[in-house]
Amino acid sequence: VVSTQSTGTYESTYTLGEKQPAYMKYGIGGAIVLLLILIIWFPLLFMSVVTTNSIPNPPTAFACSLSISGLEPLVSVRVAQMPDPMSDDELAELQKIVYKQNQNFTSSTSNYTEFVKRFRSPDVVRLDIYTDSTTLWEVSPAAVTSLTRLLNDTSTADQYLTMRFDWTITRDPESTTADKVVTGTTEIDIRDTKGIEKGHPYIDRASFLRMIQTCDTTKPLSITQLVPSFLLARESGSSQEVFLFPSNTTNTHNKKRIDLSLTASPAADQDNCYLWNGYYWSFNQRSEFLEPFSSPTPNLSTNKAQFYIFSERIVSSQYQLIASYGVIGLYISVVLVIFKFIRLVITDSSTRIIFQEMPCPDLIMALVSSTEMVRAQREFVLEQ
């Protein structure tokens, strides 16, 4: 009984630690919850600020070419003086055209219009260019002979010969994470009409062979589904074509229909068909222009084409270092820093708790002193 009473008295009198008030408990719990919210929300907020403060990355030069696999380009066009980006009114007009021509395709209208709405007016350039090759066709007699032989051999022409359209977009980015030059390419086969599936793009092998053999400058070669109209210049990597209209054979806005023609320069020997001596190629857009063609030098040539270049924005140089980590890297950095600080705070806490949480020892020392005194006086009943 005495032992039980002593234990009860001890537990009620000498409690370990100090009872914390309610506001302290809820305050610490609330602070921990806010800290967790901050850990999750801060990187997203920061990346949103970085994206909002992105800057335009407009093209400063454009080049495109038409070529046959393994040979020098037939057509090589370079644009060194780029036009100004579209104004707000011009971009709004483009959005209106895209929406209007997609009204019959309700399931996909929002996809195409949303793509255009992603860009601001400084990010879009409408490029109206003349498409006569800037150089003569630099090809050797042996290369022409080899090309003629491959086109004559129907068994290999379908398998190996393709015509490529390549384009190069040059920028002057302020950010080191963006590429200065991005390129893209599309290609189609040169083959016979026999055995072609309906809707499959191709170039008629026989018609192209006739132009090569006879140096025919009067009848152009019709080509479809090769040259894209809308080009996306990404921050880095490669450029790619984009579709603003449903992809089908009757729509020629996504990929234009062109006529490839051969022209003899004044220095060409027109009595003999020597393609390597004074001939050059051109292509002309035959499909409908999305907007009227405009150029600072009107009527310079009958061969022309229209392109739209959409440029992705880049991060400003002041946020470049942080943006290079990305959202995942930023999350990892924040979590590591915060939990490194927490670890420093609670390091060796197991050895400090016994001292930090110990109550005032005066009562215990008084009890020990009194017990010692009554023992010395042999008052054992009083001690008990």
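Position labels on residues start from 1 in each chain and follow its written sequence. The model is predicted, so local features are restricted to residues of pLDDT at least 70 and side-chain atom pairs to those at 80 or more, both for listing and for counting; the totals for chains, interfaces and linings are taken over all residues. Side-chain measures here rest on the full set of heavy atoms in the structure, leaving out hydrogens and waters.

## Overview of the overall build of the protein chain
Alright, step 1. Where helices and strands are cited, they refer to DSSP runs of H or I of at least four residues and of E of at least two residues respectively, numbered from the N terminus. Looking only at helices and strands, the protein chain has twelve helices and twelve strands in total.
Alright, step 2. The buried label applies to any residue whose accessible area, calculated with a 1.4 Å probe on protein chains only, is under 20% of its type's maximum; exposed applies above 50%, and partly exposed to all values in between. Counting only residues that meet the buried cut, the protein chain has 38% of its 384 residues in that class.
Alright, step 3. Here, two residues are considered to be in contact whenever any of their heavy atoms come within 4.5 Å of each other. Sequence-distant contacts, at least 24 apart, represent 71% of the contacts inside the protein chain between residues at least 6 apart.
Alright, step 4. A total accessible area of about 23,000 Å² is found for the protein chain, and carbon and sulfur atoms account for 56% of it. For every accessible area listed, the method is Shrake-Rupley and the probe measures 1.4 Å; residues are considered covered only by the protein chains on display.

## Considerations on the state of the cysteines
Alright, step 1. Only a pair of cysteine sulfur atoms within 2.5 Å counts as a disulfide in this structure description. Applying the stated rule across the entire model yields one disulfide.
Alright, step 2. The residue that forms a disulfide with C215 is C273, at a sulfur-sulfur distance of 1.8 Å. Its S-S torsion of approximately 85° makes the covalent link between C215 and C273 right-handed. Here the residue C215 occupies a position in the loop between α7 (205–214) and β7 (221–228), and C273 occupies one in the loop between β10 (255–264) and β11 (279–285), the gap between them amounting to 58 residues.

## What about the sheet that holds β11?
Alright, step 1. Following DSSP output, two strands are said to pair if at least two bridges run between them. With antiparallel pairing, three strands are arranged side by side in an open sheet as β7-β10-β11. Here the strands that pair on one side only, and so sit at the sheet edges, are β7 and β11. Each strand of the sheet is rotated relative to its neighbour by a mean of 40°, with strand direction disregarded.
Alright, step 2. Two strands pair when backbone bridges link them, and β10 and β11 are joined in this way by seven bridges, in the antiparallel orientation. Across the sheet, residue T263 finds its bridge partner in β11, namely Y280.
Alright, step 3. Docked against the sheet, α7 engages β7, β10 and β11, running at close to 20° with respect to β10. Orientation is described by axes fitted as lines to C-alpha atoms, over the contacting stretch for helices, and by angles from 0 to 180 degrees between their N-to-C directions.

## Some words on the packing of aromatic side chains
Alright, step 1. Whether two aromatic rings pair depends on their centres lying within 6.5 Å, for rings of Phe, Tyr and Trp, where Trp uses its six-membered ring; planes under 30 degrees apart make the pair stacked, over 60 edge-to-face, and the rest tilted. Scanning the model with the defined rule gives 13 aromatic pairs in all.
Alright, step 2. With 5.3 Å between their ring centres and 50° between their planes, F119 and F310 make a pair best called tilted. In this pair, F119 sits in the loop between α4 (106–117) and β3 (124–130) while F310 sits in strand β12 (residues 304–311), placing the two residues 191 residues apart along the sequence.
Alright, step 3. Relative accessible area serves as the criterion here: at 7%, F119 is assigned to the buried category.

## Regarding helix α5 (residues 141–152)
Alright, step 1. Expected span of a helix: the number of residues minus one, times 1.5 Å. Counted at 1.5 Å a residue, the expected span for α5 with its twelve residues is 16 Å, and the 17 Å between its end C-alpha atoms agrees.
Alright, step 2. By the burial criterion, the buried members of α5 are A143, V144, L147, T148 and L151. For α5, the arc enclosing every buried residue in end-on projection is 135°, short of the 170-degree limit, so these residues lie on one face. Pointing more than 90 degrees away from the buried face of α5 are the exposed residues A142 and R149. Working note: the arc is built from the helix axis to C-beta atom directions.

## Regarding the packing of α5 against α7
Alright, step 1. Across the interface, α5 lies against α7 with an axial gap of 10 Å and an inter-helix angle of 150°. In terms of orientation, α5 lies roughly antiparallel with respect to α7. As for the relative orientation of α5 and α7, their crossing is left-handed in sense. Where α5 approaches α7, its residues V144, L147, T148, L151 and N152 are matched on the opposing element by R205, F208, L209, I212 and Q213.
Alright, step 2. Partitioned by chemical class, the residues of the contact of α5 with α7 number six nonpolar, three polar and one charged. Reported orientations rely on four angle classes, namely roughly parallel under 35 degrees, roughly antiparallel over 145, roughly perpendicular from 65 to 115, and oblique for the rest. Note on convention: the crossing is left-handed when the near helix lies turned anticlockwise from the far helix by less than a right angle, right-handed when the turn is clockwise. Classification convention: Asp, Glu, Lys, Arg as charged; Ala, Val, Leu, Ile, Met, Phe, Trp, Tyr, Cys, Pro as nonpolar; all other residues, Gly among them, as polar.

## So, the nonpolar core
In summary, soluble globular proteins display a tendency toward joint burial of nonpolar side chains.
Alright, step 1. The term nonpolar core refers to a set of buried residues drawn from Ala, Val, Leu, Ile, Met, Phe, Trp, Tyr and Cys, joined through side-chain atoms within 4.5 Å. In terms of nonpolar packing, the biggest core is built from 49 residues, with F62, M163, F208, L260 and W281 touching the most fellow members.
Alright, step 2. Apart from the residues lying within four places of it in its own chain, the contact partners of F208 are I68, L74, L151, M163, I190, L221, L260 and W281.
Alright, step 3. Counting residues in hydrophobic clusters, the runner-up holds 18 residues, among them M86, V116, L244 and F310.

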